[in-house]
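Chain by chain, the residues run as shown.
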Amino acid sequence: MATVTAASGLMDAPAEGRFGRGHRDRRLDAVREKVEAGERLSLADGELLYATPDIWGVCEMADGVRRLLHGDAAYYNVNRHLNYSNVCALSCKFCEFYRKQGDEGAYTRDLEYVKEEVRKAVAGGATEMHSVGGLHPYLPFEYYTDLVRTIRETARGLGSELHVKAFTAVEIVHLAKIARVYKAADRVAGIRWVLERLKEAGLGSLPGGGAEVFDDRVHDEAYKGKIRSDVWLDVHRVAHELGLNTNATILYGHIEERRERLVHMDMLRRAQDEALSRLGYSAAEGGATTLTRPGTPLPEHVAFGSASAPLPIAQSPLPSSAGYFQTIIPLPFFPDGSELEHLPGPAGLENLRTLAVSRLMLDNFPHVKAFWIMQTLPMAQLMLQSGADDIDGTVVWYDITKVGGTSTHQEVNVWTLQKAIREAGFEPIERDTLYRRVIRDGNAWHVE
Ligand code: V47
């Protein structure tokens with residue numbers, strides 16, 4: 001029999017069979033209707049998604065969205081991470097990665113080291129080099145353009161290509177300061193100057209790091225000294241204007257509150273509304289552009305001209321050089337070794353729920369990544385069924401977080417990634433950084 005609990009608003013659905021259908025939260029029905037109609041969820045909807053005990057209802061809705069956008073495809077890539085230096089002028093409380101110059105364990109890689117990493121990447125059939133580091137106080141600006149050029153040219157010299165996804169927005173601003181082009185009166189000019197030079201050197205896209213949580217209170221308590229949300233968003237906007245795609249992250253499970261996570265997601269989707277309008281999408285009333293509206297193609301299909309459905313076009317011809325956010329990557333806080341080590345960090349269900357909420361709130365981000373290095377592969381499988389469509393790649397070395405405090409060598413082979421995806425009920429698709437399908441013959445590859 002249906003029951004309503006006045007305090008919670010929970011209503012049990014009529015029992016089906018001996019075990020019934022568990023506790024369905026009927027308050028989610030209105031949210032489900034919006035999701036199915038391709039409408040944008042409000043912050044209050046987001047709060048309900050976090051508050052409801054019906055976590056499976058939330059995951060099921062997120063799964064509906066990921067299947068609408070990607071069917072049964074789930075993406076992985078063959079990549080390699082290169083942390084060029086862990087020396088950092090900042091001392092963020094959540095971070096275990098940074099060292100001060102001269103500290104035990106501090107390192108800065110020279111270009112010979114970089115070339116060797118490229119050789120290994122090419123030998124392993126990688127399509128992408130993901131490179132980030134600390135804010136090194138002494139390296140000259142040319143180090144960074146040389147780094148990018150070296151990766152590109154070494155790979156080409158070996159008869160291959162490597163997409164360089166490098167430098168968080170925080171590093172881009174640091175580089176503008178090193179190059180002495182960052183002026184408070186016009187910070188965007190300095191950001192553009194840096195990005196133009198990096199692009200010229202061969203930079204292909206920006207990773208999503210350094211966003212943390214877009215909130216001044218959290219910023220001042222946990223990563224004071226880092227750029228704030230407005231500057232982070234400026235860097236990504238300029239990158240999009242220059243035709244570079246970017247990703248975004250949210251680092252959750254430390255001192256922030258769930259409401260602050262939702263505000264962060266809202267700020268990201270507004271920035272994506274702008275990016276998509278530059279790509280030719282027209283917004284619904286209220287300015288929102290959701291990819292869940294019936295007949296709306298994915299931005300990669302628009303950018304590469306393979307959209308089969310007509311775009312709700314605002315402008316024509318398409319400015320094919322416009323970039324956009326590809327992927328949101330929810331990053332669970334790892335306390336070990338950081339100044340916030342006393343905090344417990346988020347547990348499994350919170351990770352699953354945050355992934356699903358990200359899928360539902362970020363209705364205009366084509367992809368949601370369950371970064372297996374941080375989530376673990378078994379958890380990434382559950383996430384594939386709860387909104388994620390991507391688990392990232394072979395990675396090889398990862399120095400920023402280590403599950404169980406183990407080593408920086410965190411590698412899985414393609415077979416393991418494919419098996420994990422198949423076990424979760426999806427078809428593994430190898431993608432390049434821009435989400436084009438990779439066709440492979442051993443270590444030789446090309447994109448469709
Ligand atoms: O910016 C640092 C985070 C980020 C900790 O764009 C921590 O495809 C948890 O951005 N616990 C770097 N997180 C990683 C990153 C990323 C990873 C994978 C793919 C992509 C992509 C981007 O890691 C940092 C910071 O937000 N981080 N310390 C920690 N203790």
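As for the site of the ligand
Close contacts around the ligand come from 22 residues, with Phe-94, Lys-165, Gly-210, Glu-212 and Lys-369 the closest. Within the backbone of Gly-209, one N or O atom sits 3.3 Å away from an oxygen atom of the ligand. Note that an oxygen atom of the ligand is positioned 2.8 Å from one of the backbone N or O atoms of Gly-210. With the chains in place, 96% of the 610 Å² that the ligand exposes on its own is no longer accessible. The site holding the ligand turns out to be the largest pocket. For the shell around the ligand, the secondary-structure elements that each account for two or more residues are strand S8 (245–252) and strand S9 (325–332).

A few points about the layout of surface pockets
Quantified by volume, the largest pocket comes out at close to 840 Å³. In terms of lining residues, the largest pocket is bounded by 43 residues, among which Phe-94, Leu-331, Met-374, Tyr-398 and Ile-400 are the most central. Elements with a contribution of two residues or more to the lining of the largest pocket: strand S5 (128–132), helix H6 (169–178), S8 and S9. Per-element tally for the lining of the largest pocket: the top contributor is S9, with three residues. Class assignment for the residues of the lining of the largest pocket results in 21 nonpolar, 13 polar and nine charged. Each pocket or cavity is described by its volume, and for the second largest pocket that value is around 350 Å³. Around the second largest pocket, the lining comprises 14 residues; the ones closest to its centre are His-301, Tyr-435, Arg-436, Arg-437 and Glu-448. Put simply, the parts of the chain that give the lining of the second largest pocket at least two residues each are helix H3 (55–70), strand S3 (73–77) and helix H11 (299–303).

Some details on the sheet that holds strand S14 (residues 427–430)
Spatially, S11-S3-S14 is the arrangement adopted by the three strands of the open sheet, whose pairing is parallel. Two strands close off the open sheet at either side, each with one partner strand: strand S11 (390–393) and S14. Sheet twist, expressed as the mean angle between neighbouring strand axes with direction ignored, is 30°. With four bridges connecting them, S3 and S14 associate as parallel partners. Residue pairing for S14: Tyr-75 is matched across the bridge by Ile-429. Contacts between helix H15 (residues 414–423) and the sheet are confined to S3, S11 and S14, with S3 contributing the most and set at about 160° to the helix.

Side note on the domain arrangement of the protein chain
Per the domain assignment, the segments of the protein chain are domain 1 (6–64) and domain 2 (72–447). Relative to domain 2, the C-alpha centre of domain 1 lies at a distance of 31 Å. Between domain 1 and domain 2, the contact holds 21 residues from the first and 32 residues from the second. Interface area lost by domain 1 to domain 2 is led by Arg-40, Leu-43 and Tyr-50, which between them contribute 41%. On the surface where domain 1 and domain 2 come into contact, there are three salt bridges. Linking domain 1 with domain 2 are 11 residue pairs in polar contact (both at pLDDT 80 or more), by the criterion used here. Sorting the residues of the side of domain 1 that touches domain 2 by element identifies helix H1 (28–37), helix H2 (43–51) and H3 as the ones contributing at least two each. Ranked by residues supplied to the side of domain 1 that touches domain 2, first place goes to H3 with seven residues. Among the residues forming the side of domain 1 that touches domain 2, the class breakdown is 13 nonpolar, four polar and four charged.

A look at the packing of aromatic side chains
If you walk through the whole model with that rule in mind, you get 11 aromatic pairs. Between the aromatic rings of Tyr-75 and Tyr-435, the centroid separation amounts to 5.7 Å while the plane-to-plane angle is 85°, which identifies the pairing as edge-to-face. Taken as a pair, Tyr-75 in strand S3 and Tyr-435 in the loop between S14 and strand S15 (438–441) lie far apart in primary sequence, 360 residues in all. The pair formed by Tyr-75 and Tyr-435 is uniform in burial state, with each residue classed as buried. A ring pair is formed by Phe-94 and Tyr-223, whose centres lie 5.8 Å apart and whose planes are at 75°; its orientation type is edge-to-face. One end of the pair, Phe-94, is in the loop between strand S4 (79–83) and helix H4 (111–123); the other, Tyr-223, is in the loop between helix H8 (216–222) and helix H9 (229–241), and 129 residues separate them in sequence. Per residue, the accessibility class of Phe-94 equals that of Tyr-223, and both read buried. Feature note: the residues Tyr-84, Tyr-143, Tyr-144 and Phe-167 constitute an aromatic cluster, connected by ring pairs. The ring centre of Tyr-107 lies 3.9 Å from the NZ or CZ of Arg-109, which sits over that ring. The ring of Tyr-113 has Arg-109 lying over it, and the distance from NZ or CZ to the ring centre is 4.3 Å.

A short note on the packing of H4 against helix H5 (residues 141–157)
Relative orientation of the contacting elements H4 and H5 amounts to 40°, with a least axis distance of 9 Å. When the axes of H4 and H5 are compared, the pair comes out oblique. The handedness of the crossing between H4 and H5 is right-handed. Contact with H4, carried on its side by Leu-111, Val-114, Lys-115, Val-118 and Val-122, involves Asp-146, Leu-147, Thr-150, Ile-151, Thr-154 and Ala-155 of H5 and no other residues of that element.

Examining the nonpolar core
For soluble globular proteins, nonpolar side chains are generally found buried alongside one another. With 130 residues, the main nonpolar core has Phe-167, Leu-195, Trp-232 and Leu-268 as its most contacted residues. Those residues within four positions of Leu-195 in sequence are excluded, and the remaining contacts are Ile-172, Leu-206, Val-235, Val-238, Ala-239, Leu-242 and Leu-244.

Structural notes on the environment of Ile-255
With respect to the element layout, Ile-255 can be found in the loop between S8 and helix H10 (258–279). Separated by 38 residues in sequence, Ile-255 and Arg-217 place their C-alpha atoms 9.6 Å apart. The contact partners of Ile-255, leaving out residues within four places of it in the chain, are Arg-217, Val-218, Glu-221, Ala-222 and Leu-343.

Thoughts on empty space enclosed by the protein
Within the structure shown, the criterion is met by two cavities of 30 Å³ or more. By volume, the largest cavity is sized at about 70 Å³. Taken together, Gly-210, Ala-211, Val-213, Phe-214, Asp-215, Asp-216, His-219, Tyr-223, Ile-227, Arg-228, Ser-229 and Trp-232 form the lining of the largest cavity. Counting only elements with at least two residues in the lining of the largest cavity, the list comes to H8 and H9. Residue classes in the lining of the largest cavity are distributed as six nonpolar, three polar and three charged. Space inside the second largest cavity adds up to approximately 50 Å³. In this structure, the second largest cavity is lined by Val-35, Glu-39, Val-65, Thr-292, Arg-359, Leu-360 and Asp-363.

Thresholds applied
Residues numbered from 1 in each chain as written. Predicted model: local features only at pLDDT ≥ 70, side-chain atom pairs only at ≥ 80, totals over all residues. Heavy atoms only, no water. Near = heavy atom within 4 Å. Polar contact = N/O pair within 3.5 Å; in protein donor to acceptor, adjacent residues only side chain to side chain. Areas by Shrake-Rupley, 256 points an atom, 1.4 Å probe, with all protein chains shown as cover. 1 Å grid on protein atoms, 1.4 Å probe; cavity = no way out; pocket = protein on both sides within 12 Å on 5 of 7 lines; lining within 4 Å. Sits in = over half its atoms within 2 Å of the grid points. Helix = DSSP H or I, 4+ residues; strand = E, 2+ residues; numbered from the N terminus. Points joined across faces, edges and corners; volume = space filled by probe spheres on them. Nonpolar A, V, L, I, M, F, W, Y, C, P; charged D, E, K, R; others polar. Pairing = 2+ DSSP bridges. Axes fitted to C-alpha atoms, helices over the stretch in contact; angles between N-to-C directions. Contact = heavy atoms within 4.5 Å. Domains from an automatic or database assignment. Buried area = accessible area lost by both parts, 1.4 Å probe. Salt bridge = Lys/Arg side-chain N within 4 Å of Asp/Glu carboxyl O. Phe/Tyr/Trp six-rings, centres within 6.5 Å; stacked < 30°, edge-to-face > 60°. Buried < 20%, exposed > 50% of the residue type's maximum accessible area, 1.4 Å probe, protein only. Lys NZ or Arg CZ within 6 Å of the ring centre and 35° of its normal. Parallel < 35°, antiparallel > 145°, perpendicular 65-115°, else oblique. Left-handed = near helix turned anticlockwise from the far one by under 90°. Core = buried A, V, L, I, M, F, W, Y, C linked by side-chain atoms within 4.5 Å.

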